[in-house]
Protein chains: 2
Amino acid sequence: MDEGRRRVVIEGVSPEIDGGQFAIKRVVGESVVVEADIYTDGHDAVSCALRYRRDEQTEWTDVPMTLLGNDRWRASFPVMELGSYRYTLIGWVDHFLTWSRDLSKRIEAGQDVAIDLEIGARMVDAAASRASRGDAATLRRLAKSMRGRAGLDAALSPELGLLMERYGDRRFATDYRRELPIVVDPPKARFSTWYELFPRSASPDPTRHGTFADVRAMLPEIVGLGFDVLYLPPIHPIGERYRKGKNNTTEAGTDDPGSPWAIGGAHGGHKSIHPELGTLDDFRQLVDAARDVGIDIAMDIAFQVAPDHPWVEDHRAWFRERPDGTIQYAENPPKKYQDIYPFDFESEDWEPMWRELASVFTFWRHQGVRIFRVDNPHTKAFGFWDWCIDAVKRQYPDVILLSEAFTRPKVMYRLAKGGFTQSYTYFTWRNTAAELREYFTELTRPPVVDFFRPNLWPNTPDILPEALQLGGRPAFIARLVLAATLGASYGMYAPAFELMEAEPLAPGREEYLNSEKYEIRRWDWNRSDSLRPLIALVNRIRRDNPALQSDRSLRFHPVDNDQLLAYSKVTEDGSNAIITIVNVDPHHRQSGWLNLQLDEFGIAGDQPFQVHDLLGGGRFLWQGGHNYVELDPVAMPAHIFRLRHRMKTEQDFDYFV
Amino acid sequence: MDEGRRRVVIEGVSPEIDGGQFAIKRVVGESVVVEADIYTDGHDAVSCALRYRRDEQTEWTDVPMTLLGNDRWRASFPVMELGSYRYTLIGWVDHFLTWSRDLSKRIEAGQDVAIDLEIGARMVDAAASRASRGDAATLRRLAKSMRGRAGLDAALSPELGLLMERYGDRRFATDYRRELPIVVDPPKARFSTWYELFPRSASPDPTRHGTFADVRAMLPEIVGLGFDVLYLPPIHPIGERYRKGKNNTTEAGTDDPGSPWAIGGAHGGHKSIHPELGTLDDFRQLVDAARDVGIDIAMDIAFQVAPDHPWVEDHRAWFRERPDGTIQYAENPPKKYQDIYPFDFESEDWEPMWRELASVFTFWRHQGVRIFRVDNPHTKAFGFWDWCIDAVKRQYPDVILLSEAFTRPKVMYRLAKGGFTQSYTYFTWRNTAAELREYFTELTRPPVVDFFRPNLWPNTPDILPEALQLGGRPAFIARLVLAATLGASYGMYAPAFELMEAEPLAPGREEYLNSEKYEIRRWDWNRSDSLRPLIALVNRIRRDNPALQSDRSLRFHPVDNDQLLAYSKVTEDGSNAIITIVNVDPHHRQSGWLNLQLDEFGIAGDQPFQVHDLLGGGRFLWQGGHNYVELDPVAMPAHIFRLRHRMKTEQDFDYFV
C-alpha cells in the first residue's frame, strides 16, 4: 500500500486550466494569487504552502498560505521574469500548532498541563534533529526550559513558534499531485493599442505603390495618436495565378495588386518580401525605427499559399493531391478559392512541415519582429499550435501571438489555451448593453480570464459590422470608447475607422466596398472630420489611467435604462478607478439612474465624491450610489469618469477641530 | 514528436469528478448520460463515440454520440450490474462524412463531381481493406459503382453510409486521456426509508432489557409504516471503565447501561454482540426475518474503543501513548472524553490496523448485513476510507455505507467522493424556504448530484433541532414532509419523532433530555396522538410515486410568500410528477401565488390540469402557471400534489367531432 499516513487533502485549486493541461497567463511584474481547499480529518491543525519555481529551476520557493475560512487558503507570489514558471501546493498536519492551540485552552480552563508540556518538549527535540546547527541548539535549550520551572513561558514564546514553523514535521505531508504551468509574457501582452494599415496604400504620392519607407514616415503621427503596435497585413510576394481582382472578383486586371493573403510567387514565400514594398533591409529599418518610438511592428502570419508559392514545388507532400494530379485548393463547398492552397495537416510529411512553419516565426524574430497576428489559426491543427508556440516561446519568451479566429467559442478558447497570447473576440458583433455585459463578464472571470486575453476590434479589413454601417459618427465613437475601455488591448483597421468608412459591398453584407484587400486605396489621412483627435484623446486616457490597462477588475453596474451600459475598472491598490458609461443607441438621447456599490470603490455610503469626465471635461459632485446620467449621442455618446475620492470639506481647514 | 495528426479535441466532459479521480455514482438500471465538447480545426466533419465497459472487462462498447449544438455532444448507456464501470470517449475527423456532406452541396450547385466521386471511391476501397470479408465485398462493389454510370446513386446510398460509419478511418482518432470510473450500487442506495431505534428499549416488558427478538416482533409494524431500512445503534459490548451515566454525566450508576458508542469490554469488541441483546445467532435471525419483509438491518460502525476494548490490550500501537504511559483519550480541549480512545491514524502499525478495521465490515456482511451507518467518519483519515470502501465493495458491491459526518462542507463532500454511498446532510438545520432552496439546489446539480447522495434526518439521537423544540406538531409534520419529499432517502430517530419529543437537555441545547443514548427508554409506541398514521401515509406516497424516488429532477418554483416553499420532482419519462408545497411557518396560516413553468411538466399554457393532494385528498382544477395556495399549519402544513395532465372536456364525448 502507498503511505497511508498522509492525512491532508488538497483540492479545488484555482487558477488551474483543465487540470493543469494548459498554462495560466501573466505578464512580468504581475502576481499569481492561488487559492485551494486544504484540510484534514478530525480537529488537528493544518499548515500549507504555495510553492513556485521557474521552469528550469528544480528548487521550490515556499509561501505560507493564509486561511480565508471554510477550508479555503490563499497565497500569492510575483512573476518577475519572462518565460515559464510552475506552481504547486503542499500541506501537512501541524501537530505542534495543534498542541500549542490546545495548550492555551487547557491553561484557560485551569487544567494541569505537566504532561502536555512534556509532549510538546518531545516535539521540540524532534525538530532540533531536523534543524541547522544554531537553531538546533536553540530548540534543545527551549525543550529543556519547557521541562523546567518556566516551562509555560518557553512553550508559548514567539521564538519557539517561529522555529517550529520552520522545522515542522512534514514526514507525512501531502503534495498536490500536479505542477501547474504559468507563461509570463511581456507587458504588451496585457496592454496594447493596435493600428492596422496596408503599407501599399501608405504612399503620399497617389501614383506609386506605398513602401516601408512611407510607413516609416508615418510613425510620428501614429505615436501621436497613442498607438504602440503597428500591424501590417502580409508583406510577402503575392501570387499571380488565380489572383483576385477588385472587390474579390475572380478576374484580376493586369494592374490589380492582389490580396496580400495569397502568399508566394516568383519572388519567394513566407520568408521573402514583396518587392514593391522594399527590401528586407528596408523592413528591418522600419522595425528598428518603430521600436525607437515605442512601437512594435506586428507581422501577419497566414499559413496558406498561392499556387505559385515555392513550397508547392518543393514540398508537394504538404498539400493534398486530387486524383487528377492537381492540388486541392481551399473550398467551402460549393464555394471554391482557387487562389489558395491550404496545408494538409494529415500529411505523411507533417514533421518537416511543422518545423518549417515554426521557422517562419523565428526567421522574422531574427529581424526584430516580436508580435505576430496569426491569420485563421482555427483552420490548422491544434496540436501544431501547441507545439509551435511552445517551441517559439522557449527560444523567444518575448514573442506575442494574436489569434485571428473568428469562429465557434470553444475553438477560440482552445487556441488561447494552446498558447496564443491574445485573441480577437466577438466584440465586433456585440452591440446591446445586455450582450456586452454577458460576454465581457464571461471573459473577465475565471477560468477564461486566466488563459484568454481579448483584443477588441470595432472593424477589420474583413469586417465592416452592421452597427457601423447604420449608426453614423455616434456609432463609431461609441464603439471606439467601448473597445478602448472594455479591453486593455484593442485595435482598429485604422484609415477606414478614422474616416468612418461605412459603405458595404452590398446591402446585408459586412465586407467593405472597394476593400483594401484587393486594391490600393488613397486615404485622405487628414480629413477635417476624421476621428483622429478623439482617438488620440481616448488613447491618452488609457495611458494615463492604469485601471484601463488590465481586464481583471472589470465590473458592470446597473442602470435603469437598457440603452446605457456602465462599467468600471479599478487598479489593485484602488488608487485609480474609471467608470465608463456608454449610450449604445446612436440615434437618441438616453438618460437613466446609475446604481453603484460604493464600497467597491472604497467610498463610504454618505461620503461625497467627484467624477471627472475625461472625455468631455465635466466634473460632477456625487453622493451615494444612485446618480443621474444623460448622454446625447450627437454631442458625445459616452462618459469616461475618473473617480476622485477626496472632497474638501470644512473639516480640512486649519481652524476646524 | 508524438503523432501530430490527431486533430480532434475532447474536453469539458460531464460528469467527471475532480478530473476522474473519483467515481460517479449510479444504481442498477439507471443510465449514464455523458456530454463533452468535441471538435476539430477547420470545416471537417467529426464523429465520436462514448465508450464504456465493466471494470474487469477489457473491451469497450461504443455508443455513437449526437451533436447538441455549439460543439457539445451527448450519448448515454445503461448500467445493469452492480460493481464498477468505466467510460471514456473517442473522436475522429470523419473524411467520408465531410466528403458526403460536400458532395450534396456540389450537386445542388450543379458542379461537375466526377473527380469527387473518384475521391470517395478511394475512401471506400480503403474501408474495404479494414472490413470483414462480407462487408469488404460489398464496399468494393459500391466503390466500383461509384466509378460507373450510376455513381451518384451508389455514393449517396444509405447502405454505403452505414458501412462507412462502421469501417471509418480512425487511424488518427483522439482518445480522451482519462478513463472515468462509475460505481453502481443497489437501488436502496438511491431510494431508502430509514427507521432508527435502540433495541435495548424494544422490550414490551418495562422491567427487562430489550433484545433482538423484541425487535423482530416489531418488524410487521415497521413494514406497515413503510420503512425499508431498520438502523440500530451499535450492538457491541459496552465498555465499563469511565462509563457515562444518565444525561451524559461522568458518574454512571451500577444500573446505567452506558452509551452503545463506547464499544468494547470483557465480552468483546467490534465483532461481538452485547450479551443482553442476544446472541450472534439471534442477530442473524433478525437480519433474515427483516430481509423476508423487505427490510435491511443497518448496523452502526463506530471506529473508536472504550478503555476496556480487547484491541487496547492486543494492539497498543494503534493508539497514541502519553509520556506517562497512559493512552490518549478523546479530547476537544478543554473537554475530555475519557470513556473513548480514538485510533491513531499516524500509527507505525497503520497497515494491520486498516486491514482489521476493514474486516469489521466483511465480518458483518458475512452475517447478512448489507447496510452500514458509519459514525463520525470525518475523524478518521480520508485515505483509509478511500482504501477501505474500495476493498469492501470490490468483494461485496451490494454494500451501502451512510456517512455520518456532521461537519464542514468540503469534508462531507470529500467523504462522499471517497466512496460513501449516502451522507447525512445539513437538512437538520435548514428551516427557511431560502435556506432549503439554496442547499437543495446545490445538492441536486452537477457536480454534487453525481457523487453525494443525501439522506435527510429531521432528528437523530444526538440532535433535537430548535425547529422541533419550538414548532410543536405542525413543525414535526412540516419537517417530515420536507425530508420525505426533498430526499429520495430519509430517516428518523423514530420513537422520539413519532411521539414528538421536544424537551432539550437545557434551554439553548439541542441534545434530548433523558437521551436514549445513556438510558433505556420505555416508549408509549401506540400513543393516540402519535404521528404514525401520517408517517405511514407519507411513506406510501413515496412508494407509489416514482418521481419521489430520485433527487436529480428536483426543481424549485417561486411563490410570492417566503413562508411557502414549492418544488417538484418528475420521472424521466414525465409520467409521474409531484409538486410539494410546505408552509415552513408552524405558527400562522400562510397563502400566496405559486408560479409554475408549465412546459417543465409538458403542459401547454392554456391546458387545464388537475392537482390531487395526496396528503389531504383534495383535488384542484388549475389552468395556467399562476395559482393560489393556502396552508394552515394546524390543519396540515403541506400539500403533496400529484399532477394529472388529462382533463376530460366536451371533446371527449362520442358525439363531439
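Everything below is about the structure shown above.
Being a predicted model, the structure only gives us computed values, none of them experimental.

### Brief notes about the interface of chain B and chain A
With 63 residues of chain B in contact, the opposing surface of chain A contributes 63 residues. Roughly 5700 Å² of surface becomes buried between chain B and chain A when both sides are summed, with 53% attributable to carbon and sulfur atoms. Looking at the side of chain B facing chain A, the largest losses of area belong to Met1, Glu346 and Lys410 of chain B, adding up to 14% of the total buried there. Joining chain B to chain A, the criterion identifies 12 salt bridges. Between Glu346 of chain B and Arg7 of chain A there is a salt bridge, with its nearest N and O atoms 2.9 Å apart. Where chain B meets chain A, there are 22 residue pairs in polar contact (both at pLDDT 80 or more). Tallied by class, residues from the side of chain B that touches chain A come to 19 nonpolar, 12 polar and 32 charged.

### As for the relation of the copies chain B and chain A
Rotating chain B by 180° about the axis while translating it 0.0 Å along that axis superimposes it on chain A, leaving an RMSD of 0.1 Å. What the superposition gives is, in effect, a two-fold axis relating one chain to the other. Ranked by how close their C-alpha atoms come to the rotation axis, the residues of chain B are headed by Gly19 of chain B, at 3.3 Å. Of the interface residues in chain B, 100% have counterparts in chain A that sit at the interface too, so the contact is made through matching surfaces.

### Considerations on the sheet that holds strand E16 (residues 371–375) of chain B
All names here are of chain B. Here eight strands make up a closed barrel; going around it, the order is E11-E12-E13-E16-E17-E18-E19-E20 and the pairing parallel. Across this sheet, the average inter-strand angle for adjacent strands is 30°, counted without regard to direction. Pairing between strand E13 (residues 296–301) and E16: four bridges, direction parallel. For Asp300, the partnering residue across the bridge sits in E16 and is Arg373.

### So, a nonpolar patch on the surface
Residues and elements named next belong to chain A. A cluster of nonpolar residues, Ile107, Leu152 and Leu156, forms a patch on the protein surface that exposes about 210 Å² of accessible area. Residue position: Leu152 is located in helix H4 (residues 151–155). Residue Leu152 is classed as partly exposed on the basis of its relative accessible area, which comes to 31%.

### Considerations on empty space enclosed by the protein
Residue and element names in this part refer to chain A. Throughout the structure, instances matching the rule amount to four cavities of 30 Å³ or more. Roughly 200 Å³ of internal volume is contained in the largest cavity. Every residue lining the largest cavity is counted, 16 residues in all, and those nearest its centre are Arg190, Val449, Arg453, Asp551 and Arg552. Contributions of two or more residues to the lining of the largest cavity are made by strand E2 (24–27) and helix H13 (448–451). Classifying every residue of the lining of the largest cavity gives five nonpolar, three polar and eight charged. A volume near 110 Å³ is recorded for the second largest cavity. Its residues assigned to classes, the lining of the second largest cavity shows nine nonpolar, three polar and two charged.

### Remarks on the sheet that holds strand E6 (residues 66–69) of chain A
Residues and elements named next belong to chain A. Taken in spatial order, the four strands make up an open sheet running E1-E3-E7-E6, and their pairing is antiparallel. Edge positions in the sheet fall to strand E1 (8–14) and E6, since each of these pairs with one other strand and no more. Recorded for the sheet is a direction-independent mean angle of 35° between the axes of neighbouring strands. Looking at chain direction, strand E3 (residues 31–40) and strand E7 (residues 72–78) are connected through seven bridges and run antiparallel. In the sheet register, Val33 faces E7, and the bridge partner there is Ser76.

### Structural notes on the packing of aromatic side chains
Note on aromatic pairs: each is described by the distance of the centres and the angle between the planes. Residue and element names in this part refer to chain A. Within the structure shown, the criterion is met by 90 aromatic pairs over all chains. For the ring pair Phe283 and Trp364, a centre distance of 5.5 Å and an interplane angle of 90° mean the geometry is edge-to-face. Of the two residues, Phe283 is situated in helix H7 (residues 280–292) and Trp364 in helix H9 (residues 350–366); the sequence distance between them amounts to 81 residues. Within the aromatic cluster, the residues linked to one another by ring pairs are Phe303, Phe345, Trp350, Trp354, Phe361, Phe372, Phe384, Trp385, Trp387 and Phe420.

### Some remarks on the side chain of Asp256 of chain B
All names here are of chain B. Tracing the sequence through the fold places Asp256 in the loop between strand E12 (229–232) and helix H7 (280–292). Relative accessible area serves as the criterion here: at 10%, Asp256 is assigned to the buried category. Among the polar contacts listed, one links the side chain of Asp256 to the backbone nitrogen of Gly253, at a separation of 2.8 Å. The residues touching Asp256, leaving out its near neighbours within four places in the chain, are Arg243, Lys244, Gly245 and Lys246.

### Here's the deal with the packing of helix H1 (residues 95–108) of chain A against helix H2 (residues 114–130) of chain A
Residues and elements named next belong to chain A. The interhelical angle for the contact between H1 and H2, taken along N-to-C directions, is 155°, at an axis separation of 11 Å. In terms of axis orientation, H1 runs roughly antiparallel to H2. Once H1 is placed against H2, the crossing between them reads as left-handed. Where H1 approaches H2, its residues His95, Phe96, Trp99, Leu103 and Arg106 are matched on the opposing element by Asp116, Leu117, Ile119, Gly120, Met123 and Val124. Of the residues assigned to the contact of H1 with H2, the class counts are seven nonpolar, two polar and two charged.

### Comments concerning H7 of chain B
Residue and element names in this part refer to chain B. Its 13 residues place the ends of H7 18 Å apart at the C-alpha level, agreeing with the 18 Å of an ideal helix rising 1.5 Å per residue. Residues Phe283, Leu286, Val287 and Ala290 constitute the buried set of H7. On an axial view of H7, the arc spanned by its buried residues comes to 95°, and they lie on one face. Buried-residue contacts for H7 involve helix H6 (212–224), E12, E13 and helix H9 (350–366). Gly294 occupies a position one or two residues after H7 and carries a positive phi of about 85°.

### So, unusual backbone geometry
Residue and element names in this part refer to chain A. In this structure, the amide linkage connecting Pro333 to the following residue, Pro334, adopts the cis form with an omega of 5°. Note that Pro334 resides in the loop between strand E14 (330–332) and strand E15 (335–337). For the bond from Pro446 to Pro447, the omega torsion is 0°, close enough to zero to count as cis. Although it is not a glycine, Asp18 adopts a positive phi angle of roughly 50°. Mapped onto the elements, Asp18 comes out in the loop between E1 and E2. Given a relative accessible area of 27%, Asp18 falls into the partly exposed group. In this model, Asn376 sits at a positive phi of 45°, which is unusual for a non-glycine residue.

Parameters and conventions
Residues numbered from 1 in each chain as written. Chains lettered and ligands numbered in written order. Predicted model: local features only at pLDDT ≥ 70, side-chain atom pairs only at ≥ 80, totals over all residues. Heavy atoms only, no water. Contact = heavy atoms within 4.5 Å. Buried area = accessible area lost by both parts, 1.4 Å probe. Salt bridge = Lys/Arg side-chain N within 4 Å of Asp/Glu carboxyl O. Polar contact = N/O pair within 3.5 Å; in protein donor to acceptor, adjacent residues only side chain to side chain. Nonpolar A, V, L, I, M, F, W, Y, C, P; charged D, E, K, R; others polar. Least-squares fit on C-alpha atoms with pLDDT ≥ 70 in both. Pairing = 2+ DSSP bridges. Helix = DSSP H or I, 4+ residues; strand = E, 2+ residues; numbered from the N terminus. Axes fitted to C-alpha atoms, helices over the stretch in contact; angles between N-to-C directions. Patch = residues over 30% accessible without salt bridge, like charges linked within 9 Å, V, L, I, M, F, W, Y side chains within 5 Å. Areas by Shrake-Rupley, 256 points an atom, 1.4 Å probe, with all protein chains shown as cover. Buried < 20%, exposed > 50% of the residue type's maximum accessible area, 1.4 Å probe, protein only. 1 Å grid on protein atoms, 1.4 Å probe; cavity = no way out; pocket = protein on both sides within 12 Å on 5 of 7 lines; lining within 4 Å. Points joined across faces, edges and corners; volume = space filled by probe spheres on them. Phe/Tyr/Trp six-rings, centres within 6.5 Å; stacked < 30°, edge-to-face > 60°. Parallel < 35°, antiparallel > 145°, perpendicular 65-115°, else oblique. Left-handed = near helix turned anticlockwise from the far one by under 90°. Expected span 1.5 Å × (residues − 1). Arc of directions from axis to C-beta.

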